[in-house]
Amino acid sequence: MSGAMFGGDEVGALVLDIGSATTRFGFAGEDTPKSVFPSVVGLAPSHHAASQDSVPMDTSDRDLPSGTAGGAARRSRKSYVGTTTLAVVRSNVDLAGVMQNGLVEDWERFELLADYGFATGLRVDAAQHPLLMIEPSWNPRESREHMTELFFEKYNVPAFYLARSAVASAFANGRPTGLVLDIGASLSSAVPVVDGFVMPKSIMTSSVGGDFLLSQCAQYLEKNQIVIRPSYMVASKQAVALNAAPKWTPRTFAEPISDSFHRYSKQLVLQDFVHSVLFCSGRTFDRDSVANLPAASFEFPDGLNISLGADRYRLAETLFDPETHADATAPAVSVSSRASSASAMDATSDGTKDPAGGLAAPKPIGLHRLATAAINSCDVDVRPSIGSSVIVVGGGSLVRGLPERLDAELRMALPAISKLKTVASGLSVERMFSSWIGGSILASLGSFQQMWMSKQEYEESGKAYIEKKCV
Amino acid sequence: MASGVKVDPEVATVFQDLKLKHTYRYVIFQLNSDNTMIVITKKADPSATYDEFLAELPPNDCRYAVYDLAYDTPESGKREKLVFFAWAPNESKIKQKMLYASSKDALKAGLVGLHAEIQATDASEVDYSYIIEKLSSRDR
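The structure displayed is predicted, hence computed values, not measured ones.

Caption draft 1: How the structure looks around the interface of chain B and chain A. The interface is formed by 27 residues belonging to chain B together with 33 residues belonging to chain A. Here chain B meets chain A over a buried area of about 2600 Å², counting both sides, of which 57% is carbon and sulfur. For the pair chain B and chain A, the interface holds 3 salt bridges. Between Lys421 of chain A and Glu125 of chain B there is a salt bridge whose closest N-O contact spans 3.4 Å. Counting across the interface, chain B meets chain A through 13 residue pairs in polar contact (both at pLDDT 80 or more). At the level of elements, helix 3 (94-109), strand 6 (116-120) and helix 4 (128-139) of chain B are the ones that each hand at least two residues to the side of chain B that touches chain A. By residue number, the principal contributor to the side of chain B that touches chain A is helix 3 of chain B, which donates 10 residues. Looking at side-chain class alone, the side of chain B that touches chain A contains 9 nonpolar, 8 polar and 10 charged residues.

Below you can see the structure in the form of structure tokens.
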């Protein structure tokens, strides 16, 4: 099977990395995860809840999910997981993510995601494969123990390992010491790693990330009277000139479409918009200097064409200077970032602190300031070595021009670090999947086999033993 | 999070010779072909130079090394320092980077008495004057 890419040993281990936007699941030793799907689970209302809310009863049972077998008896609600399953138009299905502030919050949906991953994503029997799971760098003890218990008890895995996301990313970049700046969907984090250990007190998080950009773009489009009509709404469309009113015919539905499904579909359009249009300018944004830079055009699903000049740079600038350029009233658009991020802009708690402390919703902090704050909160002796390896990872880092701009900003912000260096893999998959790839290599090593927490160790020592096995 | 890679027992004796008897100028280590053990690939005579050492760091693969560095300082005269190098150039394969990064602690645990550690990914980070500057700043 696998192994060919890295020449790894045959151990048949699986690597699971659940992010706030996507879940990455695959075989250890392969170079990319075999199965990547949204960390979003749709739940039909339970019959009990449905009658209370007086929603129509005849909607939920027809479209049966194929992949989500093995549900516990307590779960009577229909669930929907997976890219294609979620794309089917359904009324009355509540879509939501599993993470909040970078930690697993909704364990019911977490299990449904894992069910789907084993049964449909990889089509494997969990009991036959050791599982290495990438965990958030600030995953607290209770959550680690819960994961350990869940995978040993419910999925019956023969061996388990928890790897800190930032450490796996740093190692995959050949740097046991460095700052891992992970620009994720629901939040960005700056995690100092020294000799392979996370410095928990110096972790900084910011709400500036992929979802933040999406809501800024949504707000921008709304202000320009552009209505996003996701492709599910469009039955047909005609080509129109730039900025002309779109000519399209709507699809009609017998039943009302649930709000979360509409938001999810809109989010996909916005993601496309971010990736095809936005661009980080090389230095601090200034409308006059970007006026002569190339514009970019974008076509919406309903056929509307627009062209963006300075605004494509200004929208990207919100990543670095949210105070000046971001619109604080932008609504949350991502269904995977849960309720709290809607109010992230006006969070009053100290969002820069370690989220393990109190799960405070992070505040929007520019990416270079986030990195600078994390480096400066470390011991003065290790700052030079951390600053000489600022490792940029995460799907949010794929906005064009971002690593170059970050490097320029950090050089200005940290003049004392003479060897400051920003590292961003040129391959976008290596940036998006850096921690998964690190885990994949590690779990495929023959020598790593002694490091797993085995089922026997779990039975003898209990879930708390994970703290000793996976420091 | 460690790879579980072992260290060749010869490493300990060679390191003692380098540290106490100055038998070697530098020693270079690498992983064996099946990635299970860190072994010695090069033991250089005391007459070897820093430039010779740099020439032995491959541009597209990782290595570890210990260098017995003797240098003059304007303020405090002659110094001798044991410097540990973790060499992981960007051009090396991601598997090598992961392996070397996750195995470093196993090697370092057996090397007692190192004065400094250099995590290097390109020529500028192993530049002689930069290393000296880094060592001197630690003396203050």
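Next comes the rest of the write-up.
Caption draft 2: Molecular detail of the side chain of Arg175 of chain A. For Arg175 of chain A, the location among the structural elements is in the loop between helix 5 (165-172) and strand 11 (178-183). One buried charged residue, Arg175 of chain A, forms no salt bridge at all, with the nearest opposite charge on Glu125 of chain B at 5.1 Å. At 3.0 Å, the side chain of Arg175 of chain A forms a polar contact with the side chain of Ser389 of chain A. For Arg175 of chain A, the residues in contact, after removing those within four places along its chain, are Ala170, Ser389, Ile391, Lys421 and Val423 of chain A together with Asn90, Ala101, Gln119 and Thr121 of chain B.

Caption draft 3: Representation of the domain arrangement of chain A in the model. Residue and element names in this part refer to chain A. By the assigned domains, chain A splits into domain 1 (8-166 + 433-469), domain 2 (174-207 + 365-424) and domain 3 (208-345). Surface buried jointly by domain 1 and domain 2 totals about 740 Å² across both partners, of which 73% is contributed by carbon and sulfur atoms. For the domain 1 face of the interface with domain 2, the top three residues by lost area are Ser20, Trp138 and Ala166, together amounting to 57%. Here the residues of the side of domain 1 that touches domain 2 sort into 3 nonpolar, 6 polar and 1 charged.

Caption draft 4: Quick peek at the sheet that holds strand 1 (residues 14-18) of chain A. Residues and elements named next belong to chain A. Reading across from one edge, 3-2-1-9-10-21 is the order of the 6 strands in this open sheet, with mixed pairing throughout. Looking at which strands have only one partner, the edges of the open sheet turn out to be strand 3 (35-38) and strand 21 (453-454). By the bridge criterion, 4 bridges tie strand 2 (residues 22-27) to strand 3 in an arrangement that is antiparallel. From the neighbouring strand, Thr22 faces strand 3, where its bridge partner is Pro38. Against the sheet, helix 5 makes contact with strand 9 (131-135) and strand 10 (159-164), and its axis sits at roughly 75 degrees relative to strand 10, the strand it touches most.

Caption draft 5: Representation of the UniProt feature "domain: ADF-H" (unreviewed entry) in chain B. Per the UniProt record, the feature "domain: ADF-H" (unreviewed entry) sits at residues 4-136 of chain B. The distance separating the terminal C-alpha atoms of residues 4-136 of chain B is 34 Å; by composition the span is 32% helix and 32% strand.

Caption draft 6: Layout of the confidence of the model for chain B. Residues and elements named next belong to chain B. Here chain B shows a mean pLDDT of 92. Residues at 70 or above account for 98%. Mean pLDDT across the secondary structure elements of chain B bottoms out at helix 4, with 81, and peaks at strand 2 (residues 26-31), with 97. The ipTM value of the predicted complex is 0.92, and its pTM value is 0.87.

Caption draft 7: The packing of aromatic side chains, seen in detail. All names here are of chain A. One pass over the full model with this rule turns up 28 aromatic pairs over all chains. Pairing Phe448 with Trp452 gives two aromatic rings, centres 5.3 Å apart and planes at 70 degrees, and the pair type is edge-to-face. On the basis of relative accessible area, Phe448 is assigned to the buried category, the value being 0%. The class of Trp452 is buried, set by a relative accessible area of 5%. Among the aromatic residues, those joined into a cluster by ring pairs are Phe25, Trp107, Phe110, Phe118, Phe151, Phe152, Tyr155, Phe160 and Tyr458. Over the ring of Phe320 we find Arg405; its NZ or CZ atom is 4.7 Å from the centre of that ring.

Caption draft 8: Main features of unusual backbone geometry. Backbone geometry at Asp195 of chain A places phi at a positive 50 degrees, although glycine is not the residue there. Checked against the element boundaries, Asp195 of chain A lands in the loop between strand 12 (188-194) and strand 13 (197-198). The phi torsion at Asn35 of chain B lies on the positive side, around 55 degrees, for a residue other than glycine. Tracing the backbone shows Asn35 of chain B in the loop between strand 2 and strand 3 (37-43).

Definitions and limits used
Residue numbers run consecutively from 1 along every chain, following the written order of its sequence. Starting at A for chains and at 1 for ligands, labels are handed out in the order in which the entities are written. pLDDT decides what is reported in this predicted model: residues at 70 or higher carry local features, side-chain atom pairs at 80 or more are listed and counted, and totals for whole chains, interfaces and linings draw on all residues regardless. Water and hydrogen atoms were dropped before computing side-chain values, which therefore reflect all heavy atoms in the structure. Only heavy atoms matter for contacts: two residues are in contact if any of them lie within 4.5 Å across the pair. Once two parts are brought into contact, the accessible area they lose, counted with a 1.4 Å probe and summed over both, makes up the buried area. Only one rule defines a salt bridge in this text: a Lys or Arg side-chain nitrogen within 4 Å of an Asp or Glu carboxyl oxygen. Each polar contact in these results corresponds to two N or O atoms within 3.5 Å; when the atoms are within protein, one needs to be able to donate a hydrogen and the other to accept it, and residues that are neighboring in sequence are counted only if both atoms are side-chain atoms. Secondary structure follows DSSP: runs of H or I at least 4 residues long count as helices, runs of E at least 2 residues long count as strands, and numbering of each begins at the N terminus. Classification convention: Asp, Glu, Lys, Arg as charged; Ala, Val, Leu, Ile, Met, Phe, Trp, Tyr, Cys, Pro as nonpolar; all other residues, Gly among them, as polar. Burial classes: relative accessible area under 20% of the type maximum marks a residue as buried, over 50% as exposed, and values in between as partly exposed (1.4 Å probe, protein chains only). Only four residue types enter the charge count, namely Lys and Arg as positive and Asp and Glu as negative; His and the chain termini do not. Segment limits for the domains were obtained from an automatic or database-derived domain assignment. Only strands joined by at least two bridges in the DSSP assignment are considered to pair. The angle between two axes is taken between their N-to-C directions and runs from 0 to 180 degrees, where each axis is a line fitted to C-alpha atoms and a helix contributes only its stretch in contact. UniProt positions are given in the numbering used here, feature names are shortened, and annotations may be inferred rather than shown by experiment. Per residue, pLDDT captures the predictor's confidence, and it can take any value from 0 to 100. For this analysis, a ring pair means two rings from Phe, Tyr or Trp (six-membered ring only for Trp) whose centres lie within 6.5 Å, classed as stacked if their planes differ by under 30 degrees, edge-to-face if by over 60, and tilted for the remaining angles. Over a ring means this: the NZ of a Lys or the CZ of an Arg is within 6 Å of the ring centre and within 35 degrees of the ring normal.

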